[in-house]
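Breakdown of the fold
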Amino acid sequence: MGRLRSFLSGERIDATTPPPYLLHVRSSRLFILTTICIAVATDTFLYGMIVPVIPFALSSRAGVAPSSVQSYTSILLAVYGAALLVCAPFAGFYADRSSSRRLPLLGGLLALAGATLMLCLARTVSLLVVGRLLQGASAAVVWTVGLALLVDTVGQAEIGAVLGWTSISMSVSILSAPLLGGVVYQKAGYYPVYYMAFGLIALDILLRLLLVEKKLARQWLPEEFPELDEISDPEKTAVVKPGEVAPEVLNTLAPTSEQPPLARPLSKYPPVFTLLKSRRLLAALWGCIVQMTCMTAFDGVIPLFVKETFHWNSTGAGLIFLAFIIPTFASPVVGWASDKYGPRWLTVSGFTLAIPFWVLLRFVTHDSQGQKVLFCALLSLIGVALTLAMPPLMAEITYVVEAKERESPGRFGKTGAYAQAYGLFVTALAAGTLIGPVWAGYVRTAAGWGTMSWSLGLFGLSAAVPCLIWTGGLITEINAKTGEERAAGRPSE
């Protein structure tokens with residue numbers, strides 16, 4: 001049992017415990033980033049792969065009347081977001097108090113496997129709903145713990161660029177999933193769609209079992225090993241610029257003698273309450289809600305829209321998402337720019353540029369070659385605009401936590417608050433996932449395609465304004481922009 005516990009948690013039993021095989025590789029930045037990106041991609045792929053399948057499977061397997069298919073499609077997409085919304089804060093709270101990020105990731109995987117099996121075999125609407133709820137619970141754990149693990153691994157100065165890769169994996173999987181789901185369903189049928197899912201889950205299991213966190217790898221690797229210098233430690237980065245003076249030395253200096261010990265939180269309440277008092281964080285979370293609402297709005301309406309307007313089958317309904325996917329490959333560059341120049345203007349530009357393209361979607365109304373080209377072009381331009389906003393918003397979560405920690409070193413305790421902060425981030429994504437399909441589906445049904453498109457454009461404007469004022473720090477103040485400036489302690493809020 002001791003060996004099994006050591007394998008699952010990664011903790012060393014005693015001095016005679018040998019290091020894991022290929023420890024240097026399994027604890028490397030590249031391997032951890034790859035594992036988290038694949039974990040995020042798997043969860044979001046399973047969210048989106050049934051998008052083009054739902055309208056056809058609801059009627060053929062669950063016996064839903066054609067007039068009710070749009071409503072049930074929106075419901076099945078929205079309940080995923082509801083589970084994500086409820087579970088993410090709890091996942092973050094647990095992860096910040098767990099000795100290992102690995103165990104929560106494995107627990108999330110078990111929920112994911114069960115949910116996928118249930119969806120595969122379900123023949124009633126109620127079982128489909130339960131399966132989607134379990135998928136959302138799994139995604140809450142994977143997103144929250146995975147993003148916190150990335151901060152632990154790469155540090156804060158480069159987090160924007162790294163989260164750009166995570167943004168790619170999220171965007172590509174959430175938008176390519178309908179493409180692959182539609183093609184496979186059209187060519188091979190219902191069950192082969194889930195064979196893809198089980199294959200991804202098997203790969204996910206393998207990578208999560210192989211992963212070794214850097215803080216656990218230190219049990220075997222010598223302290224002077226170069227890679228370990230880049231581990232993100234809230235106790236260190238909260239006080240000094242990385243590589244300058246160790247926290248133990250600072251604790252002996254007179255000016256800091258009255259500060260509370262770094263391992264002791266300043267408040268008896270969980271850090272999440274302190275974070276929620278930050279207007280800067282609230283602006284970022286609102287931006288995430290709007291961003292995800294706009295992205296997932298397409299999932300609920302595009303398959304039916306292209307079927308009714310262009311008379312496309314599920315393959316065409318999936319292929320059209322390529323127009324939206326391709327721009328997301330610029331996410332690492334956008335994340336790098338956020339680390340270099342700050343997140344404010346990238347985020348504001350993204351939300352603002354998308355508005356006219358949302359409004360112009362109302363002119364796609366009938367079946368012609370020109371209308372199809374216009375539709376694809378507008379989807380691509382919306383994709384470019386939203387890609388400018390997402391990586392900076394993800395990085396802003398880290399920027400806010402480090403700013404709060406610098407104001408009062410040790411306020412979040414020894415374990416920090418990154419998991420709880422990203423729990424709030426995932427909650428915001430969940431709210432968008434919940435709002436998007438319902439908004440798009442019901443507005444299109446009640447008022448038409450044109451009203452749906454311009455209403456989403458105006459919704460984007462509601463994010464641009466608060467992000468302009470607070471993202472990166474209050475606009476009327478001088479704020480840190482680069483990682484070096486943030487580490488040096490310039491005002492950031």
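Residues numbered from 1 in each chain as written. Predicted model: local features only at pLDDT ≥ 70, side-chain atom pairs only at ≥ 80, totals over all residues. Heavy atoms only, no water.

1. What about the overall build of the protein chain?
Which entries qualify depends on this criterion: The helix count covers DSSP runs of H or I at least four residues long, the strand count covers runs of E at least two residues long, and both are numbered beginning at the N terminus. For the exposure calls, accessible area comes from a 1.4 Å probe over protein chains only, and a residue counts as buried if that area is under 20% of its type's maximum, exposed if over 50%, partly exposed in between. Pairs of residues are marked as contacts when any of their non-hydrogen atoms sit within 4.5 Å.
In terms of helices and strands, the protein chain carries 22 helices and zero strands. Counting over 493 residues, the protein chain shows a buried share of 58%. Taking contacts inside the protein chain between residues at least 6 apart in sequence as the whole, the part at least 24 apart equals 83%.

2. Some remarks on the pattern of salt bridges
To be explicit about the condition: Here, a salt bridge means any Lys or Arg side-chain nitrogen found within 4 Å of an Asp or Glu carboxyl oxygen.
Considering all chains together, one arrives at five salt bridges under this definition. Of the charged contacts in the structure, one is a salt bridge between Glu 308 and Arg 444, with a shortest N-O distance of 2.6 Å. Of this pair, Glu 308 sits in helix H14 (residues 279-309) while Arg 444 sits in helix H20 (residues 418-447); the two residues are 136 residues apart in sequence, bridging distant segments of the chain. Note on Arg 444: relative accessible area 13%, which makes it buried. Taking the shortest distance from any N to any O, the salt bridge between Lys 372 and Asp 367 comes out at 3.5 Å. Taking relative accessible area as the criterion, Lys 372 reaches 21% and is therefore assigned partly exposed.

3. Concerning the confidence of the model for the protein chain
Stated precisely, the cut-off is as follows: By definition, pLDDT measures how confident the predictor is in each residue, and it falls between 0 and 100.
Looking at the protein chain as a whole, the pLDDT averages 78, with 81% of positions reaching at least 70. Here helix H12 (residues 247-250) stands out as the element of the protein chain with the lowest mean pLDDT, 40, in contrast to helix H18 (residues 344-360), whose mean of 93 is the highest. pLDDT under 50 marks residues 224-263. Its contacts with residues more than four places away, or in other chains, come to 61 contacts.

4. A short note on the packing of aromatic side chains
The geometry of an aromatic ring pair is captured by two quantities: the separation of the ring centres and the angle between the planes. Inclusion rule: Pairing of aromatic rings covers Phe, Tyr and Trp, the last counted by its six-membered ring, and requires centre-to-centre distances within 6.5 Å; plane angles under 30 degrees mean stacked, over 60 mean edge-to-face, and any other angle means tilted.
Scanning all chains against the criterion turns up 14 aromatic pairs. Judged by centre distance (5.5 Å) and plane angle (50°), the rings of Phe 305 and Phe 375 are tilted. With Phe 305 in helix H14 and Phe 375 in helix H19 (residues 369-407), this pair connects stretches of sequence that are 70 residues apart. Residues Tyr 422 and Phe 425 carry aromatic rings whose centres are separated by 5.8 Å and whose planes lie at 85° to one another, so their mutual orientation is edge-to-face. Linking Tyr 422 with Phe 425, this pair stays in helix H20, spanning three residues, or about one helical turn. Here the aromatic cluster, defined as three or more aromatic residues joined through ring pairs, consists of Phe 305, Phe 310, Trp 312, Phe 375 and Trp 449.

5. Quick notes on a nonpolar patch on the surface
Rules: Patch members must show over 30% relative accessible area and no salt bridge, and they are joined within 9 Å when carrying like charges or within 5 Å when they are nonpolar side chains of Val, Leu, Ile, Met, Phe, Trp or Tyr. Every accessible area reported is derived by Shrake-Rupley at a probe size of 1.4 Å, with residue values counting cover from the shown protein chains alone.
Nonpolar side chains collect at one region of the surface, where Leu 117, Leu 121, Tyr 191, Tyr 195 and Phe 198 lie side by side and expose about 500 Å² of accessible area between them. Broken down by secondary-structure element, the contributors of at least two residues to the nonpolar patch are helix H6 (102-121) and helix H9 (190-210). Mapped onto the elements, Tyr 191 comes out in helix H9.

6. Overview of the side chain of Ser 331
Locating Ser 331 in the fold gives a position in helix H17 (residues 331-341). Apart from residues lying up to four places away in sequence, Ser 331 is in contact with Gly 164, Ser 167, Ile 168, Thr 387 and Pro 391.

7. Points about the packing of helix H3 (residues 29-48) against H9
Filter applied, for reference: To define axes, lines are fitted to C-alpha atoms, for helices over the stretch in contact only, and angles between the resulting N-to-C directions are given on a 0 to 180 degree scale. An angle below 35 degrees is treated as roughly parallel, one above 145 as roughly antiparallel, one from 65 to 115 as roughly perpendicular, and anything else as oblique. What makes a crossing left-handed is the near helix being turned counterclockwise from the far one by less than a right angle; a clockwise turn instead makes it right-handed. Residue classes follow a fixed rule: Ala, Val, Leu, Ile, Met, Phe, Trp, Tyr, Cys and Pro count as nonpolar, while Asp, Glu, Lys and Arg count as charged, and any other residue, Gly among them, counts as polar.
Look at H3 against H9: their axes get within 10 Å of each other, and the N-to-C directions meet at 150°. One way to sum up the angle between H3 and H9 is to call them roughly antiparallel. Between H3 and H9 lies a crossing of left-handed hand. Contact residues: Phe 31, Thr 35, Ile 38, Ala 39, Thr 42, Asp 43, Phe 45 and Leu 46 in H3; Met 196, Ala 197, Leu 200, Ile 201, Leu 203, Asp 204, Leu 207, Arg 208 and Leu 210 in H9. In terms of residue class, the contact of H3 with H9 is made up of twelve nonpolar, two polar and three charged.

8. Considering unusual backbone geometry
In this model, His 311 sits at a positive phi of 60°, which is unusual for a non-glycine residue. Note that His 311 resides in the loop between H14 and helix H15 (314-319).

9. Some details on the side chain of Gln 371
Relative to the helices and strands, Gln 371 is located in helix H19. Once residues within four sequence positions are removed from consideration, Gln 371 is found in contact with Phe 310, Phe 363, Val 364, Thr 365 and His 366.

10. Section: the nonpolar core
As a reminder, the rule being used: Side-chain atoms within 4.5 Å are what join buried Ala, Val, Leu, Ile, Met, Phe, Trp, Tyr and Cys residues into a set we call a nonpolar core.
With 126 residues, the main nonpolar core has Met 49, Trp 143, Phe 298, Phe 375 and Phe 425 as its most contacted residues. Apart from residues lying up to four places away in sequence, Trp 143 is in contact with Val 40, Thr 44, Thr 166, Met 170, Met 394, Phe 425, Val 426 and Leu 429. Counting residues in hydrophobic clusters, the runner-up holds five residues, among them Leu 23, Val 212, Ala 217 and Trp 220.

11. Quick word on the environment of Leu 276
Positionally, Leu 276 belongs in helix H13 (residues 271-276). Judged by relative accessible area, Leu 276 falls into the partly exposed class, the value being 35%. For Leu 276, the contacting residues outside a window of four places in its chain are Leu 281, Leu 282 and Leu 424.

12. Here's the deal with the environment of Phe 351
Structurally, the position occupied by Phe 351 is in helix H18. Residues in contact with Phe 351, not counting those within four places in the same chain, are Gly 287, Val 290, Gln 291, Ala 389, Leu 393, Gly 460, Ala 463, Ala 464 and Cys 467.

13. Regarding the state of the cysteines
What counts, and what does not: In plain terms, two cysteine sulfur atoms within 2.5 Å form what is called a disulfide here.
With the rule as written, the count across this model stands at zero disulfides. Between Cys 467, a free cysteine, and Cys 288, which holds the nearest cysteine sulfur, the sulfur-to-sulfur gap is 8.2 Å.

14. Brief notes about H18
In an α-helix, one turn spans 3.6 residues, which is why side chains three or four residues apart end up on the same side. Along H18, the residues classified as buried are Arg 344, Leu 346, Thr 347, Val 348, Gly 350, Phe 351, Ala 354, Ile 355 and Trp 358. Buried residues belonging to H18 abut H14, H17, H19 and helix H21 (449-470).

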